[in-house]
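# Summary of the model geometry
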Amino acid sequence: MTDAGFETSDLRVDPTGSGPNRSVGRGRGGVVLSAILPGVPQLLVGRWGVGGLGLIVWTALLAVLLTRWTRFAAGWGGPLDHQIASLTVVAGLLGVWGWSMFDVSRPAEVKRTGVGQWSLAAKAFEKNRIAVLGLIVVVCVYLIALVTPLVTPHDPATQASLVTARLVPPGGEFPLGTDHLARDVFSRIMYGARISLSIGFVAVGISVTIGTLLGAVSGYLGGWVDTVVMRFVDMVISFPRLVLLITIVALFDSNSIFMIMAVLGFTQWPGTTRIVRGEVLSLREREFIEAARALGFSRSRIILRHVIPNVLAPVIVASTLGIGNVIVLEAGLSFLGMGLQPPTPSWGSMVADGRDHLLAAWWISTFPGLAIVLTVVAFNLVGDGLRDAFDPRLRT
Amino acid sequence: MPLLEVTDLRTYFTTDAGVARAVDGVSLQLEAGETLGIVGESGCGKTVMALSILGLIPSPPGEIVAGSSIRFNGEELLEVKPARLREIRGNEISMIFQEPMTSLNPVLTVGHQIEEVLRLHRGLKRREARAAGVALLAEVGISEPDQRYDSYPHQMSGGMLQRIMIAIALSCEPRLLIADEPTTALDVTIQAQILDLLVSLQQKHGMALLLITHDLGVVAEVCDRVVVMYGGQVVETGTTEEILSHPKHPYTQGLLASLPGIGDRDVRLNPIPGTVPSAVDWPEGCRFRDRCSFAWERCAESEPDLLPVVAGASRSARCWLVHPDESSIDRAGKPT
Amino acid sequence: MVRRLLGAIPLVLGIATIIFFVVNLAPGDPALRFLNPNMTPEVLEQIRVNMGLDQPVHIRYVRWIGALARGDLGFSFTSNRPVLDIIKELLPNTLVLSATAIGVAFLLGILLGIVQAVRQYSLLDSVASIVGLFFYSMPSFWLALMMVLVFGLFAYQGQWFIQFPPSGMQSVDYAFLSPMAKVQDRLMHLALPATSLALVLAAGIARYTRSSMLEVIRQDFVRTARAKGLSEPVVIFKHALRNALIPVITLLGLYLPFLFSGTVFIESVFAWPGMGKLVVDSILERDYPVIMGGTLIFAMMVVVGNLVADVLYAVVDPRIRYD
C-alpha cells in the first residue's frame, strides 16, 4: 500500500464491479437484455461473478414477489419486519435492474478510473472464483434474513398440533421436519439467519471500531500507552473467551439481543488491535506519515486521516473473518442456554433443542448446524479471498 | 569423452504471463579437470542451466523440453532414475550457491549439515563423519574447526558460511563442482579469498569447475574457457584469452567495455544500454539486437546460429557479424 | 526463561483481577438461592456473613487475592468443599481430554499441511482445503452432536462394526473390568470427545502448516539439501519441516483459549466431568468462588501453554535463546 495508492473515491467501488470489458453484451442489445434479465449481459462477457450474483438476486426476489404476492402486499401495513421485507424486495429488484442497465450502457473507458489499491484488489477478488462463490452465498443469506417474513412457510413460533405434527421427519409440508414442539424447522432456520447475521454484524462493528482506534493509537503513540494497551490485550487473549462470555451473560442476566451484541463486540476487539498495531508500527516510519508530521498536523488528525485509512485493508479482512467467528460464538452461547431466550429462533438454541431427540429426530440439530457451517464457510471464503486480493505479493 | 556434455538444453517455465524460455537451446562441453566460466547478466539463464544439470528445476512450473540432453561421464542425466540422480548429487556433482546466508539450514548446526553428506554418500559412521567434517572445515580455512563444527549458521559471517558450503560440496570429492556466483553476495575483500580457495582446492582435488559469474575479472583469473550466455542462449564461446582479448559478439564486447580497468580512473565506463528482456518474449531475430549498436535489418529478420569464428577452431559466436556473408561488409568503428 | 516466568505473574494477577470484578460486580445475590419462606432476614444475613458477602467489594478483593497467594481458592457456596479440592478432582479429566485433542490435532494438522504443501495444486490439496475449511468453520458442539449421532447412536442402532459410547468417561461396569479392558474402555470413551475437539483445531493447523511449509520449501537451503543428494522425505521432514514448524508453534499458544472454550461444549455434550462443565454449572448456581477459581485455572493454563510455546520455540529455533 502506498501513500498515493489510497484514494478515498475508490472506496465506493463495488468489490465485484470490475472485470474484463469486452464489447459483447454492450450497446443497445445489452440494454434490452439487461432489461429482461439483469446480470445476463455481464455473464455473457465472462463476468460470471457479478453477473451471476445479479441474476440470482433478481430471479430470487422476482420469485418471491410472484409467489408471495398477497403477503408482499399485506407487508406494507404489517409489523416492522414485514415492511422491511417488502421494501427489500422492491429495492432489490429495482437496484439490480438499474445496476445492470447502467453497467451495460456505460462506455468501457469510464469504468476503471483509478488504479488505486481498491480497484486492483477488486479485480484480483473477482478472479478468485471460490471467493466470489462465498460472496454470493453471503449475499443470499443476507437476502433470506431480510425477506424471511415473506417466504417462510410457517410461523417460527407457532406450534402445529402437538399430537400429529411433533417430530415429523423432513419432507412434505415441513421441508426440514418439525421439532419437539411441532414447529417447522425450515422456517425457524430462516428466522435464525436474522439473529445470527445481525449479531455478527453489530458485534464486529463494535469490535472493529474499538480495535482499530486502540491499535492505531497504541501503535502510533508507542511508549507507555502502547505497553498498557498491549498488556491488556494479552490478558484478554489469555481468557478462554467463552468462559468469560458465559460468565458475563449469565451473571448479568443479559439475554436481550443488544446485550449479546455488546458483550460479543466488547470481547472481540483484541485481535483487531494487534493487527492494526502491527500495521501502524511499520506505517509510522513511512515517508508520508513523516511528511504529515513535518507539515505540523495534529496527532489525532494524522491518526484519523492518514494512519487509519491505510490499515483498512487488513481490518476489512479481519472483520469478515470475525463475523464468522462471532456467529459461531453466539450459536455456542445459545447452545448452552445463555443466549437469546426461547422462543426466539437462534441456530445455536435449535441445535440444543434437538439434543434430547437426537435419535428420534436427527433433523432438529442437524439442519441448523448446517446453516451455521454454510454461513461461516461463506464468510471465511470471502475473508480469505479479500486477504489474497489485498496482498500485493500475490497480485501479478 | 568430455566429463559433461550439455546438448540443446531447453528449460521452460509456465507462468501467468506465458511460457518463459529461460534456457533455450544451450550446448556446452566440459573436460575433466577443466574450468569453464559461464558469463552473462542476471536473467540470462545461467542459474537455471546449472540447476537443470542437477535436476533441481521445480516442476511444475519448470520443465526440461524433450530433445535436451545432459550427459555426465557418458550417463544421460535426464533419463536416469531419481535414486541414481540423488547418488550423483552432492557426490559426483556438487553445487555451491550465491547466497551463503540463506543456503544453509538455519536450525541445524553446520557440522550436522556436513556430516549428512558424508554419512549419505560415503557411508561413514557418526564419529568418523565428525572427524572427516572437522578436517574439511580445517581444509577450507576455518579456524577452530572443532568448535565451529557445532555452531549454527546465524553465528557465522557470510564468508565463513561460503567456506562451509564449499566444505560440504567438496566432502565427497566430486568430479564436477558447479559454483553459481559464489562470491557475489560477499564483501569485496572476502571475494578474493573465496575465489583463491576454490581454485586451490580444485587443483588439489583435480575436479572440473563450472563457474557461473557476471564478473569477467573473475573469469580472467580462474577460467580456461568461457561461455557467454544471453537470452537463454550461448552467444559466444572460446578460450579465456581469446574471449577477453578478441571478443566477437557485441554483447561480450559490451560486457568487457563495462568493466573498470586498473589505472583508467578517468575513463568513463560504458554500460550496455537497456536491460535483459523478459524470458516470456525474447525479441524476434537476434535476441540482443535491441541493445546492440551494430544491429541492422538482418538481425531482426532471422536469428543467427552459433557460428564458428574461424573454420575448424573451437571459437564461435552467435552473431551475423561473424557470418561468412558479412565478412566483406566494412563495419567502421567496430571495437576489437 | 526465569524472566519470562516472572513476567507471567503480573499477567495472572491482572487476569485474576478482571475475573474477580466481573463476577462480583454482577447483579444478583448468591445468598438468595438458600432463601426459603421460613427464613428470617437475620438468618439470610447470617448466610451472607458466612459467605463473606457482607463486606464491601474492595475488602473482598484484597482477601481473595491474599488467599490466592497462599494457594487458597476459598469454599464452594453450594457443595461446601474447598474449591481447590473440586478442581483437583476435575482438572485431570479436562487435561486428559484437551491434551489428547491437541496432540491429535497437531499431528493430524501438521501431516495434512505437509502433504498439501508438497502436493500443491493437486486434487488432494484442493479437496483437503475445502473439507478443512468446513471443519474450521464448524461449531465444535455441533460436530460433537453429529459424532454422537453417527458413531454412537446410528452405529448402535445399525450394529456397526465400530461403536463408541456417546457419553461419560467410563462404562457403568468399569470397576469390574480387567486392567486391559479398563484402558480400552477409557480410550473408547475418549475417542468421540477428543476427535470432536481435535478436528476443528486440526483444520486450522493444517491451513497454517500448509502456508508456512509452502514458504519454506521455496527457500535456498531446501535447494541445497536437494543438491546434496538427500532423499525427498529427508528434505521435507528434516530440513523443511523444522523451519516450517517455527510459526506453527505460536498456534499452540493462540489455540489454547480456543481449545478450553471447546472443552466447555464438549464436556457438556458428552457429560464429561471436567473443568468446563464445572464452570458452566457453577455459573448457573452463582457459586462465585468456584466460578472465579475455575476461570482462573483456565486462564493460568493458557499462560502456562504460552510459556511452553516459548520454550518449544527456543528448542526448534537455535536463533532464539533465553538466558
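On a predicted model such as this, the values are computed, not experimentally measured, just so you know. Here the residue numbers are simple positions, counted from 1 along each chain's written sequence. Each chain gets a letter, beginning with A, and each ligand a number, beginning with 1, in the order they are written. Note on the predicted model: pLDDT of at least 70 is required for a residue's local features to be given, and 80 or more for side-chain atom pairs to be given and counted; whole-chain, interface and lining totals, by contrast, use all residues. Excluding hydrogens and water, the side-chain figures rest on all heavy atoms present in the structure.

Next up on the list: the overall build of chain A. Helix and strand labels come from DSSP, where a helix needs a run of H or I of at least four residues and a strand needs a run of E of at least two; each type is numbered from the N terminus. The helix and strand tally for chain A stands at 17 helices and zero strands. Buried, partly exposed and exposed residues are distinguished by accessible area as a fraction of the type maximum, computed with a 1.4 Å probe on protein chains only: under 20%, between the cut-offs, and over 50%, respectively. Evaluated residue by residue, chain A yields a buried proportion of 53% over its 396 residues. In the structure as shown, chain A presents an accessible area of about 16800 Å², 67% of it carried by carbon and sulfur atoms. Using a 1.4 Å probe, accessible areas were evaluated by the Shrake-Rupley method; residue-level cover was limited to the displayed protein chains.

By definition in these notes, contact holds between two residues if any of their heavy atoms fall within 4.5 Å. Residue-level contacts link 20 residues of chain C with 25 residues of chain B. A side-chain nitrogen of Lys or Arg and a carboxyl oxygen of Asp or Glu constitute a salt bridge if their distance falls within 4 Å. Our count for the contact surface shared by chain C and chain B stands at two salt bridges. Among the ionic pairs, Glu116(B) bridges to Lys228(C), the shortest N-O distance being 2.9 Å. For this analysis, a polar contact is any N or O atom pair within 3.5 Å, provided that within protein one partner can donate a hydrogen and the other can accept it, and provided that sequence-adjacent residues contribute only side-chain to side-chain pairs. The tally of links between chain C and chain B comes to 13 residue pairs in polar contact (both at pLDDT 80 or more). Among the residues making up the side of chain C that touches chain B, the classes are represented as seven nonpolar, five polar and eight charged. Under the convention adopted here, Pro, Cys and the residues Ala, Val, Leu, Ile, Met, Phe, Trp and Tyr are nonpolar, Asp, Glu, Lys and Arg are charged, and Gly plus all remaining residues are polar.

On to the environment of Ser129(C), then. Residue and element names in this part refer to chain C. Along the chain, Ser 129 turns up in helix 5 (residues 123–136). Each C-alpha atom of the pair Ser 129 and Leu 73 lies 45 Å from the other, and the pair is 56 residues apart in sequence. Apart from residues lying up to four places away in sequence, Ser 129 is in contact with Gln 116 and Arg 210. Separated by 3.0 Å, the side chains of Ser 129 and Gln 116 make a polar contact.

All names here are of chain B. Every helix has an expected span of 1.5 Å times one less than the residues it contains. Compared with an ideal rise of 1.5 Å per residue, which puts 14 residues at 20 Å, helix 5 (residues 126–139) spans 20 Å between its outermost C-alpha atoms and is within 8% of the ideal. Buried-residue contacts for helix 5 involve helix 4 (110–121), helix 6 (145–148) and helix 7 (158–170). Taken from the residues just after helix 5, Gly 141 is the one with a positive phi, measuring 85 degrees.

Positive phi values are uncommon outside glycine, yet Glu173(B) reaches one of about 50 degrees. Along the chain, Glu173(B) falls in the loop between helix 7 and strand 8 (176–180).

Here we come to the interface of chain A and chain C. Opposite the 43 residues of chain A that make contact, chain C presents 47 residues. Across the chain A to chain C interface the summed buried area is about 3900 Å²; carbon plus sulfur atoms make up 81%. Taken as a group, Phe239(A), Leu251(A) and Leu359(A) account for 17% of the area that chain A buries against chain C, more than any other trio of residues on that side. The interface formed by chain A and chain C holds one salt bridge in total. When two parts are put together, the accessible area they lose, computed with a 1.4 Å probe and summed over both, is reported as buried area.

Attention now moves to the packing of helix 6 (residues 140–157) of chain C against helix 7 (residues 179–216) of chain C. Residues and elements named next belong to chain C. Axis angles are defined between N-to-C directions and span 0 to 180 degrees, where every axis is a line fitted to C-alpha atoms and, for a helix, only to the segment in contact. Across the interface, helix 6 lies against helix 7 with an axial gap of 9 Å and an inter-helix angle of 135 degrees. Comparing the axis directions of helix 6 and helix 7 gives the class oblique. Taken as a pair, helix 6 and helix 7 cross one another with a handedness that is right-handed. Residue-level contacts link Ser 140, Leu 143, Ala 144, Met 147, Val 148, Phe 151 and Gly 152 of helix 6 to Leu 192, Thr 195, Ser 196, Leu 199 and Val 200 of helix 7. Residues of the contact of helix 6 with helix 7, tallied by class, amount to eight nonpolar, four polar and no charged. What sets the label is the angle itself: under 35 degrees gives roughly parallel, over 145 gives roughly antiparallel, 65 to 115 gives roughly perpendicular, and the rest give oblique. Put simply, a crossing is left-handed when the front helix is turned counterclockwise from the back one by less than a right angle, and right-handed when it is turned clockwise.

Remark: nonpolar core denotes a set of buried residues (Ala, Val, Leu, Ile, Met, Phe, Trp, Tyr, Cys) joined through side-chain atoms within 4.5 Å. Counting residues in each nonpolar core, the largest one holds 201 residues, and the members touching the most others are Val89(A), Phe335(A) and Ile15(C). For this core, the leading source of residues is helix 9 (residues 232–269) of chain C, giving 18 residues. Once residues within four sequence positions are removed from consideration, Phe335(A) is found in contact with Gly348(A), Ser349(A), Val351(A), Ala352(A), Arg355(A), Phe141(C), Leu145(C), Phe265(C), Ser268(C) and Val269(C). Judged by nonpolar contacts, the second largest core, of 104 residues, contains Ile70(B), Val140(B), Ile164(B) and Leu195(B).

With that settled, consider the packing of aromatic side chains. The description of two aromatic rings rests on the distance between their centres and on the angle between their planes. Aromatic contacts are taken between Phe, Tyr and Trp rings whose centres are within 6.5 Å, Trp giving its six-membered ring; a plane angle under 30 degrees counts as stacked, one over 60 as edge-to-face, and the others as tilted. Taken as a whole, this structure holds 17 aromatic pairs over all chains when the rule is applied. Ring centres 5.0 Å apart and planes at 80 degrees place the aromatic pair Tyr230(B) and Phe288(B) in the edge-to-face group. Here Tyr230(B) is found in strand 10 (residues 225–230), whereas its partner Phe288(B) is found in the loop between helix 11 (250–257) and helix 12 (297–301), with 58 residues between them in sequence. With a relative accessible area of 1%, Tyr230(B) lands in the buried category. An aromatic cluster is built from Phe20(C), Phe21(C), Tyr61(C) and Trp64(C), whose rings are joined through pairwise contacts. By definition, being over a ring means that NZ of Lys or CZ of Arg is both within 6 Å of the ring centre and within 35 degrees of the ring normal. For the cation-ring pair, Arg301(A) lies above Phe297(A), with the distance from its terminal atom to the ring centre recorded as 4.4 Å. One residue, Arg207(C), lies across the ring of Tyr136(C), its end atom 4.4 Å from the ring centre.

All names here are of chain B. Strand 9 (residues 208–213) sits mainly inside the fold: six of its six residues count as buried. The pairing criterion for strands is at least two bridges between them, as found by DSSP. In this structure, strand 8 lies alongside strand 9, joined through five bridges in parallel fashion. In the strand pairing of strand 9, Leu 177 is matched with Leu 209. A clockwise course of the path from the first strand over the helix to the second, judged with the strands pointing away from the viewer, identifies a crossover as right-handed. Handedness of the strand 8-helix 8 (residues 188–205)-strand 9 crossover: right-handed.

Residues and elements named next belong to chain B. The sheet built from eight strands is open, its strands ordered 7-8-9-3-10-11-13-12 with mixed pairing. Looking along the sheet, the strands with just one partner apiece sit at the ends: strand 7 (93–96) and strand 12 (307–308). Here six bridges tie strand 10 to strand 11 (residues 233–239), and the two strands are oriented antiparallel to one another. Following the sheet pairing, Val 226 is matched in strand 11 by Gly 238. In the packing of helix 11 onto the sheet, the strands contacted are strand 3 (35–39), strand 10 and strand 11, and the crossing angle to strand 10 comes to about 105 degrees.

It is worth spelling out the pattern of salt bridges at this point. Residue and element names in this part refer to chain B. Taken as a whole, this structure holds 31 salt bridges over all chains when the rule is applied. For Arg 287, the salt bridge goes to Asp 24, with nearest N and O atoms at 2.6 Å. Note that Arg 287 is positioned in the loop between helix 11 and helix 12 and Asp 24 in strand 2 (residues 18–30), a separation of 263 residues in sequence. By the burial criterion, Arg 287 is buried, and Asp 24 matches it. Among the ionic pairs, Lys 204 bridges to Glu 139, the shortest N-O distance being 2.8 Å. Remark: Glu 139 occurs in helix 5 and Lys 204 occurs in helix 8; sequence separation between them is 65 residues. Through salt bridges that share partners, Asp 8, Arg 10, Arg 21, Asp 24 and Arg 287 make up one connected network.

All right, on to the side chain of Gln162(B) then. Residues and elements named next belong to chain B. Examined against the element boundaries, Gln 162 turns out to sit in helix 7. The exposure class assigned to Gln 162 is buried, which follows from its relative accessible area of 0%. Looking at Gln 162, its side chain comes within polar contact range of the main-chain oxygen of Pro 182, at 2.8 Å. The contact partners of Gln 162, leaving out residues within four places of it in the chain, are Phe 97, Gln 98, Pro 100, Pro 182, Leu 186 and Ile 194.

Turning our attention to the confidence of the model for chain B. The predicted coordinates of low-pLDDT regions are not to be read in fine detail. Values of pLDDT, which run from 0 to 100, indicate the predictor's confidence residue by residue. For chain B, mean pLDDT is 83; residues scoring 70 or higher make up 92% of the total. Below pLDDT 50 for its whole length, residues 328–336 of chain B participates in seven contacts with residues either more than four positions away or in separate chains.

As a further point, take the pairing of strand 10 of chain B. All names here are of chain B. With five of six residues buried, strand 10 is to be regarded as a mostly interior element. As paired strands, strand 3 and strand 10 are joined by four bridges and run parallel to one another. Its bridge partner being in strand 10, Val 39 is matched across the sheet by Val 228. Linking two consecutive strands that pair antiparallel, namely strand 10 and strand 11, is a turn of two residues; a positive phi of about 60 degrees is found at Gly 231 within it.

Right, let's talk about the environment of Ala73(A) for a bit. On the secondary structure map, Ala73(A) appears in helix 4 (residues 69–75). Separated by 13 residues in sequence, Ala73(A) and Ser86(A) place their C-alpha atoms 7.8 Å apart.

All names here are of chain B. Residue position: Thr 35 is located in strand 3. A relative accessible area of 2% places Thr 35 in the buried class. Each residue touching Thr 35, except ones within four places of it in the same chain, is listed here: Gln 202, Leu 209, Val 222, Cys 223, Asp 224 and Arg 225.

Take helix 2 (residues 41–51) of chain C next. Note: α-helices contain 3.6 residues per turn, so residues at a spacing of three or four share the same orientation. Residue and element names in this part refer to chain C. Every buried residue of helix 2 is listed here: Leu 44, Ile 47, Arg 48 and Met 51. Projected onto a plane normal to the axis of helix 2, the buried residues spread over an arc of 100 degrees and lie on a single side. Structural note: helix 2 exposes Glu 42 and Asn 50 on the side pointing more than 90 degrees away from its buried face. At the exit of helix 2 stands Gly 52, carrying a positive phi of roughly 80 degrees. The reported arc concerns the directions from the helix axis to the C-beta atoms and nothing else.

With that out of the way, let us pick up the confidence of the model for chain A. Residue and element names in this part refer to chain A. Looking at chain A, pLDDT values average 76 and 83% of them are 70 or higher. Predicted confidence in chain A is weakest over helix 6 (residues 108–111), with a mean pLDDT of 50, and strongest over helix 17 (residues 363–390), with 88. Segment residues 1–25 is flagged for pLDDT under 50; beyond a separation of four residues in sequence, or across chains, it makes 50 contacts in the model.

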